[in-house]
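Per-entry structural report
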Amino acid sequence: MLIVQFQLILVQRSLPLLLRRCTLNESAFDLLTEHSTYWIGFMMADGNICYKKGILIIGLHLNTIDLPHLLKFREFVGSSHKVGIYRNKIWGNTSCSVSFACGLKMAQELGKYGFGPRKCFTARLEGGIENNKHTWRGLIDGDGSLGVYPRKNLNGTIRMIPFICVTGSRNI
């Protein structure tokens, strides 16, 4: 009787994963590599994670000009989920997105590095990736910019000042 109850609990907890029709590599973020840290940074900037009807959903929504980049992310996580393309009725711009139900394993792995629900208020680089150049490259690719602006000195000469700007989460 105890074994049957335990099996029933396991089935109930993993039911969303059992119903999954598309592929997804739940271990994509298990090892810290150049690619995984880049995508963690990118997700910190442009991604989201939420619960819908008790199921964890990870999503990435970009402008259609960035569709090739979205496809690279989908390839990295081993997803066969459909990429949606939609038009904003108010502004008229077109966007593309991919969303997929992820298991608790992937969500916990991303959580170790500070990525979780309501990331705008809670995101914080942690877990050893705070100074990782690939994480910062992902952050800047997602919601940042690099540039050089001219600045006039007191003597009238102009010098070029490099800058990095990252927008988005409060704690980053």
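Just so it is clear, the model here is predicted, and its values are computed rather than measured.

**Points about the pattern of salt bridges**
Taken as a whole, this structure holds three salt bridges when the rule is applied. Residue K105 is joined to D30 by a salt bridge in which the shortest nitrogen-to-oxygen separation is 2.4 Å. Here K105, found in helix α5 (residues 104-111), pairs with D30, found in the loop between α2 (15-18) and α3 (34-46); they are 75 residues apart in sequence, far enough to count as distant. For E109, the salt bridge identified is with K112, shortest N-O distance 2.9 Å. On the basis of relative accessibility, which here comes to 46%, the residue K112 falls in the partly exposed class.

**A short note on the sheet that holds strand β4 (residues 94-101)**
One open sheet accounts for four strands, arranged β1-β2-β4-β3; its pairing is antiparallel. What marks the edges here is a single partner per strand, and that holds for β1 (47-52) and β3 (84-87). On average, each strand axis in the sheet is tilted by 30° relative to the strand beside it, whichever way the strands run. Bridging between β1 and strand β2 (residues 55-63) involves six bridges; their strand directions are antiparallel. Following the sheet pairing, G47 is matched in β2 by L60.

**Some points on the packing of aromatic side chains**
All told, the structure shown has six aromatic pairs when counted by the stated rule. Ring plane angle 25° and centroid distance 6.3 Å describe the contact between F73 and F100, whose orientation is recorded as stacked. Of the two residues, F73 is situated in helix α4 (residues 67-76) and F100 in strand β4; the sequence distance between them amounts to 27 residues. For the pair F73 and F100, one class covers both residues: buried. Through pairs of rings, three or more aromatic residues link up here, namely Y38, W39, F42, F73 and F100.

**Notes on the state of the cysteines**
Tallied over the full model, the rule gives zero disulfides. Not engaged in a disulfide, the cysteine C50 finds its nearest cysteine sulfur in C102; these two sulfurs lie 9.5 Å apart.

**Some remarks on the packing of α3 against helix α7 (residues 133-143)**
The N-to-C vectors of α3 and α7 enclose an angle of 35°; their axes lie 7 Å apart at closest approach. Handedness of the α3/α7 crossing: right-handed. Judged by residue contacts, E34, T37, Y38, G41, F42, M44, A45 and D46 of α3 engage H134, T135, R137, G138, L139, D141, G142 and D143 from α7. Residues that form the contact of α3 with α7 fall into these classes: five nonpolar, six polar and five charged.

**Concerning the confidence of the model for the protein**
Keep in mind that low pLDDT regions are not for reading the predicted coordinates in detail. Across the protein, pLDDT averages 80, with 85% of residues at or above 70. Confidence, expressed as mean pLDDT per element, reaches its minimum in the protein at helix α1 (residues 2-13) with 34 and its maximum at α4 with 92.

**Overview of the environment of I158**
Secondary-structure assignment places I158 in strand β6 (residues 158-166). Taking relative accessible area as the criterion, I158 reaches 59% and is therefore assigned exposed.

**So, the side chain of H134**
Following the sequence through the fold, H134 ends up in helix α7. For H134, a relative accessible area of 17% gives the class buried. Beyond its immediate sequence surroundings of up to four residues, H134 is in contact with E34, T37 and Y38.

Parameters and conventions
Along each chain, residue indices are assigned from 1 in the same order as the chain's sequence is written. Local features in a predicted model are, by the rule used here, given only for residues with pLDDT of at least 70; side-chain atom pairs are given and counted only at 80 or more, and totals for whole chains, interfaces and linings are based on all residues. Water and hydrogen atoms were dropped before computing side-chain values, which therefore reflect all heavy atoms in the structure. Within this document, salt bridges are pairs made up of a side-chain nitrogen of Lys or Arg and a carboxyl oxygen of Asp or Glu, the two lying within 4 Å of each other. The way it works is that DSSP assigns letters per residue, a run of H or I at least four long becomes a helix, a run of E at least two long becomes a strand, and they are numbered from the N terminus. Only protein chains enter the accessibility calculation, which uses a 1.4 Å probe. A residue is then buried if its area is under 20% of the maximum for its type, exposed if over 50%, and partly exposed in between. At least two bridges found by DSSP between two strands are what make those strands a pair. Note on geometry: axes are C-alpha line fits, over the in-contact stretch for helices, and angles between N-to-C directions span 0 to 180 degrees. For Phe, Tyr and Trp, where Trp contributes only its six-membered ring, two rings pair if their centres lie within 6.5 Å, and the inter-plane angle classes them as stacked under 30 degrees, edge-to-face over 60, or tilted in between. The disulfide criterion is simple: two cysteine sulfur atoms within 2.5 Å. Crossing handedness is read from the near helix: turned anticlockwise from the far helix by less than a right angle, it gives a left-handed crossing, and turned clockwise, a right-handed one. Every residue pair with non-hydrogen atoms within 4.5 Å of one another is taken to be in contact. Residue classes follow a fixed rule: Ala, Val, Leu, Ile, Met, Phe, Trp, Tyr, Cys and Pro count as nonpolar, while Asp, Glu, Lys and Arg count as charged, and any other residue, Gly among them, counts as polar. On a range of 0 to 100, pLDDT expresses the predictor's confidence in each residue.

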